[in-house]
Structures are given as structure tokens and as C-alpha cells.
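One-letter residues, chain by chain:
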Amino acid sequence: MTVHPRGVNHLAIATRDIKTQIDFFTDVLGCELKALYWMHGAEGAWHAFLELNPHSYIAFVQHPDNPDTLTWGLTHSGTPTGPVAAGAMQHVAFDLESVEDLLALRDRIRSRGVMVIGPVDHGFCQSLYFGGPEGLALELTTGEAIDDQAWIDPEVVALAGITPHELARYRDPAPYRRPGTPVAQPALDRGKPHLNFPDEIYEILATASDEQVRAMLSDTTPPVTPHD
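Right, let's walk through the structure included here. None of these values were measured; they are calculated from a predicted model.

## Here's the deal with the sheet that holds strand β4 (residues 56–62)
Across the sheet, four strands lie side by side as β1-β4-β3-β2; this open sheet has mixed pairing. The sheet is open, and its two edges are formed by β1 (10–15) and β2 (32–38), each paired on a single side. Neighbouring strand axes in the sheet, compared pairwise and without regard to direction, differ in orientation by 20° on average. Where strand β3 (residues 46–53) meets β4, seven bridges bridge the pair, whose relative direction is antiparallel.

## Describing the pattern of salt bridges
Oppositely charged side chains are able to pair whenever their charged atoms sit close together. Applying the stated criterion across every chain yields a total of six salt bridges. For R16, the salt bridge goes to D68, with nearest N and O atoms at 4.0 Å. Of this pair, R16 sits in the loop between β1 and α1 (18–28) while D68 is found in the loop between β4 and β5 (92–95), placing the two residues 52 residues apart along the sequence. A relative accessible area of 66% places D68 in the exposed class.

## Focus on the nonpolar core
Taken as a class, soluble globular proteins show a tendency for nonpolar side chains to be buried jointly. Core analysis: the largest hydrophobic core is formed by 25 residues, its most contacted members being F25, L29, I109, F130 and L140. Contributing elements (two or more residues each) for this core: α1, β3, β4, β5, α2 (99–111), β7 (125–132) and β8 (136–143). Among the elements that take part in this core, α1 stands out by supplying five residues, more than any other. If we ignore the near neighbours within four places in the chain, the residues touching L29 are F24, L105, R108, I109, F130 and L140.

## A few points about a negative patch on the surface
A surface patch of like charges, here negative, comprises D95, E97, E100 and D101. If you trace the backbone, E97 turns up in the loop between β5 and α2.

## Points about the sheet that holds strand β6 (residues 117–121)
Here we have four strands laid out as an open sheet, ordered β5-β8-β7-β6, and mixed in their pairing. In this open sheet, the two edge strands, each paired with only one partner strand, are β5 and β6. Taking the axes of each pair of neighbouring strands and ignoring which way they run, one obtains an average angle of 25° across the sheet. The pairing of β5 with β8 spans four bridges and is parallel. What sits directly across from V92, in β8, is L138. Running over the sheet, α1 touches β5, β7 and β8 and is turned about 25° from β8.

Conventions used here
- Throughout this document, residue positions are counted from 1 along each chain, in the order its sequence is written.
- Per-residue local features are limited, in this predicted model, to residues with pLDDT of at least 70; the limit for side-chain atom pairs, both in listing and counting, is 80 or more; totals at the level of whole chains, interfaces and linings are taken over all residues.
- As a rule here, side-chain values come from all non-hydrogen atoms in the structure, and water together with hydrogens is ignored.
- Whether two strands pair depends on DSSP finding at least two bridges between them.
- Numbering of helices and strands runs from the N terminus, with a helix taken as a DSSP run of H or I at least four residues long and a strand as a DSSP run of E at least two residues long.
- Between N-to-C directions, angles cover 0 to 180 degrees, with each direction set by a line fitted to C-alpha atoms, over the stretch in contact for helices.
- By definition here, a salt bridge exists when the distance from a side-chain nitrogen of Lys or Arg to a carboxyl oxygen of Asp or Glu is within 4 Å.
- Each residue gets one of three labels from its accessible area relative to the maximum for its type: buried under 20%, exposed over 50%, partly exposed in between, using a 1.4 Å probe on protein chains only.
- Among the buried residues, those of types Ala, Val, Leu, Ile, Met, Phe, Trp, Tyr and Cys that are joined through side-chain atoms within 4.5 Å form a nonpolar core.
- Only heavy atoms enter the contact rule, under which two residues are in contact if any of them lie within 4.5 Å.
- Residues enter patches when they are more than 30% accessible in relative terms and free of salt bridges; like-charged ones are connected within 9 Å and nonpolar ones (Val, Leu, Ile, Met, Phe, Trp, Tyr) within 5 Å.
- For accessible areas, the Shrake-Rupley method is used with a probe of radius 1.4 Å. Any residue's cover is judged against the shown protein chains and nothing else.
- The positive count covers Lys and Arg only, the negative count covers Asp and Glu only, and His and the chain ends enter neither.
- Here the site of a charge means atom NZ of a Lys, CZ of an Arg, CG of an Asp or CD of a Glu.

Take a look at the structure:
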């Protein structure tokens with residue numbers, strides 16, 4: 001099996017009201033607040049982490065320049081099936097272990113005065129849908145591993161412009177063996193996916209070694225020293 005990401009460590013969502021988001025996710029969904037600190041490398045921004053499990057978090061970023069903009073169908077989908085700008089989050093789904101857990105959390109959410117739709121049976125999963133602060137579209141789900149033989153629709157494959165050869169590659173991505181020496185940083189090609197840094201920042205990142213970038217950007221000191 002080739003190396004690939006094993007899950008989502010954290011999903012960072014922009015906010016203009018980090019306290020309201022923390023209150024919602026702790027009270028309504030029962031997630032513990034694990035971190036709240038000045039965001040590294042972002043002047044004036046705060047970063048919060050709420051635990052889903054010890055290796056997975058929902059995170060919020062309150063930046064002083066976050067715009068006060070909510071446009072349904074553009075910045076926010078508003079529903080689990082609504083349109084939204086490409087690259088934006090359409091909705092986020094959180095995993096639960098069982099239908100019993102799903103129903104228990106449904107009742108917790110409703111007890112806080114928040115409407116919940118479901119459970120809805122999607123075949124490979126059962127899902128609940130509800131809204132969160134600042135227009136979030138949220139889902140809770142439980143289910144089994146998805147059977148690609150049953151859930152890859154040939155009609156949609158064709159409409160997406162995927163050839164049989166490409167489909168075979170998507171189902172079984174090529175393995176990769178790390179070479180003996182690290183792969184050099186490629187030159188910036190704006191035809192490839194890239195972060196929205198200015199060219200002068202990319203010039204620094206392209207010419208610095210990985211060790212130099214690590215030294216420049218790392219910050220490992222917690223804001224509070226825990227008691228023994």
C-alpha cells in the first residue's frame with residue numbers, strides 16, 4: 001500500500017466570533033476545547049482546536065481581517081446540497097461509531113434548541129444534518145467502508161470526463177517509494193496548485209533548505225506551562 005493521508009488532523013474554519021464557535025462545539029456537540037492561542041505566523045489572529053479524537057480536531061481561525069460577508073450560494077452553501085464557490089467547504093461531516101451514538105447526539109443537539117434533520121439512510125452511511133454558527137452546514141454520520149464496486153456510477157464517471165484508464169488509476173493510485181535523497185523543491189509553476197503567497201515569499205521558500213524553512217517558521221513553545 002502506498003503512503004497517503006490517514007485521516008483529517010484538523011479542518012480550519014474562518015470565524016469572526018471564536019467564542020460563539022467554541023461555545024457551540026463544546027455545549028451542543030460535546031467537543032473539548034484543547035487549544036486557544038495566538039496563531040503562529042498570523043499577526044493578530046487566534047487559533048482554537050476542539051477535539052474530535054486525540055488525532056482529529058475542528059479548528060477555528062479568528063483573523064482581524066476576516067470579512068463580514070455571508071452570501072448563500074457563493075461563500076456558504078447553506079444546505080448539504082447547495083451550491084458554493086469552487087474550493088470552499090460545501091459541508092463538513094463528523095464520524096460516529098454507531099447509530100446509537102448518532103441518535104444520542106441528535107437528541108443532545110435538539111435539547112440545545114437546534115433543529116436536526118435525520119437520520120437519513122444513504123446506503124453506506126446514516127446521516128444527520130444541522131446548521132452551526134456563521135452559516136456552517138454540518139453533518140453527523142456513521143457507516144461502513146464504501147464499496148467502490150457499488151458506489152462509482154458509470155454515468156457520472158462519463159459525465160466527469162474520466163476515461164476507463166483514469167478510473168483504474170483513481171481506484172488504485174500508483175505506489176511511491178521515497179528515494180534515498182530528498183526531492184528538491186520545484187520552481188514555482190502557477191499552473192500547478194499553490195498557496196497564495198507573493199512571489200517574493202516563494203523566492204525565499206524555493207531557495208531555502210527544508211532545515212532553514214523549519215527554523216524560520218517553527219514555534220513549539222506552548223503559551224502556558226502545564227502544572228505537574
